[in-house]
Amino acid sequence: MLTLSTSSVAIIGGGPAGLIAAEILSEAGLAVTVYERMPAVGRKLLMAGRGGLNLTHSEDLSRFMTRYGEAMPRLKTLIEAFDPAALRGWSEGLGQETFIGTSGRVFPKAFKASPLLRAWLARLERQGVRFALRHDWQGWDEEGRLVFVHGGESVRVRADATILALGGASWPRLGSDGRWVQPVRERGIAVTPFKPANMGFTIGWSDYFKDRFAGEPLKPLALTFDGKTVRGEAMITRDGIEGGAIYALSAPLRDAIARDGKATLLTDLRPDVSVEALTQKLSAPHKGQSTSTFLRKAAGLSPLAIALLREGGALPSEPKALAQRSKALPLVLTGVKPLDRAISSAGGVSFDELDTHLMLRRLPGVFVAGEMLDWEAPTGGYLLQATFATGIAAAKGVLACLHAGKGLTESKPSVTRQP
């Protein structure tokens, strides 16, 4: 067994929340060690970079904050303290200029994560941050020390302050597996059970439809559920549907399926055309064209959209009825894709367990940040924005506690090994 006793700040989790906390604390002159279960830090960030690394969103901050739903009151002051403009400035400070895409989303001009992560890690190393990789956190021992497993040995660390930033429970192969829940609950901390967020849904497609159209994008479209309409695109899968527009409605759809066993999503296949205008287009003579050709030429529907209309049964012969189906096609979602296939997760440590510095009331000196907290948001830059903001808030919480008189001790590191 390896026992470590040192004056330091331990950050558990090498994702964006943990790394930005390490940056803030090391910049303030504290000794910081980042403990990470995986062989490298930032693995989920690199995965996000495959889609261009959507850092944040450019919309008005008041509208931006509504994306966090019930967690908005808890996150509002944290995001206002590190808002989208600040995140863009931070990225540019690392040499990674950003741009606003046509959807309002913000990306680095490199359109990938690796250059930003390299520059970020170089900065952290210059500031003296130490990385302890392949350290699998197990919880605390009877003396309150952090317990890790590393190389088959038990490693125990006494830290003056700890930031837990172990992520949620999606993408377990990248390190976020939610195994931290048990040791946290054993300390009496309330943790809301995890649920998938920003995930796909199952639909009982016909064999023809799934064989022919699985993997094809459906765009443009508008989706409506429970009085809320979003525009964007979706992707057909063999067993259902996923994509940005779906993710924006995933929370209420998920909850409806949990309550009722299914949810009916209304799909507008021609969002830029009114029912009246589409009815007029569909009233034109067919001139010997097949139905599919007519719908493609007269109504501007793609082969996928036409097949989707047919999934709902025989096509209405009356132009207005066909236009109405095209503008409000019901899709019955029968299930939710599992947590390990979700982009993010809902659930986590309850905000009621935390003070204004994100410190656990039951565990003074232990702070929580990132997707470990009980909040969710759609894709579009909202996930990373809140992750960075909570990481910074937790780091500033550590500094506030130290400045309040809970300073670091002057003990020297001591290491003992036991077979």
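Residues numbered from 1 in each chain as written. Predicted model: local features only at pLDDT ≥ 70, side-chain atom pairs only at ≥ 80, totals over all residues. Heavy atoms only, no water.

**Overview of the confidence of the model for the chain**
Model confidence for the chain is summarised by a mean pLDDT of 93, while 95% of its residues fall at 70 or above. Between residues 1-7, whose pLDDT stays under 50, and residues either more than four places distant or in other chains, the model counts 35 contacts. Taken together, the stretch residues 407-419 has pLDDT below 50 and engages in 26 contacts with residues farther than four places along the chain or on a different chain. (pLDDT = per-residue confidence, 0-100. Contact = heavy atoms within 4.5 Å.)

**Considerations on unusual backbone geometry**
Backbone torsion omega between Lys 219 and Pro 220 reads -10°, so that peptide bond is classified as cis. Of note, Pro 220 is situated in strand β14 (residues 217-225). We note that Phe 111 has phi near 60°; this positive angle belongs to a residue other than glycine. Along the polypeptide, Phe 111 turns up in the loop between β6 (105-108) and α6 (114-126). Here Arg 134, not a glycine, exhibits a phi torsion of approximately 55°, which is positive. (Helix = DSSP H or I, 4+ residues; strand = E, 2+ residues; numbered from the N terminus.)

**What about α6?**
Compared with an ideal rise of 1.5 Å per residue, which puts 13 residues at 18 Å, α6 spans 18 Å between its outermost C-alpha atoms and is within 8% of the ideal. Elements in contact with the buried residues of α6: α1 (16-27), α2 (43-48), α5 (84-93), β7 (130-133) and α15 (382-403). Immediately beyond the C-terminal end of α6, within one or two residues, lies Gly 128, with a positive phi of roughly 90°. (Expected span 1.5 Å × (residues − 1).)

**Some remarks on the sheet that holds β6**
A sheet is described by the order of its strands in space; here three strands give the open sequence β4-β6-β5, paired in antiparallel fashion. Each edge of the open sheet carries a strand with a single partner, namely β4 (56-57) and β5 (98-100). As paired strands, β4 and β6 are joined by two bridges and run antiparallel to one another. Paired with Thr 56 across the bridge in β6 is Val 106. Packing of α5 onto the sheet brings it into contact with β4, β5 and β6, and relative to β5 it is tilted by some 140°. (Pairing = 2+ DSSP bridges. Axes fitted to C-alpha atoms, helices over the stretch in contact; angles between N-to-C directions.)

**A closer look at the packing of aromatic side chains**
Here the structure, examined in full by the defined rule, presents 16 aromatic pairs. Note on Trp 205 and Phe 209: the rings are 4.5 Å apart at their centroids and 45° apart in plane angle, and the pair reads as tilted. For Trp 205, a relative accessible area of 8% translates into the label buried. Residue Phe 209 is classed as buried on the basis of its relative accessible area, which comes to 0%. Centre to centre, the rings of Tyr 208 and Phe 213 are 6.3 Å apart; their planes meet at 85°, and the pair counts as edge-to-face. Taking relative accessible area as the criterion, Tyr 208 reaches 54% and is therefore assigned exposed. One aromatic cluster in this structure is built from Phe 64, Tyr 68, Trp 375 and Tyr 382. (Phe/Tyr/Trp six-rings, centres within 6.5 Å; stacked < 30°, edge-to-face > 60°. Buried < 20%, exposed > 50% of the residue type's maximum accessible area, 1.4 Å probe, protein only.)

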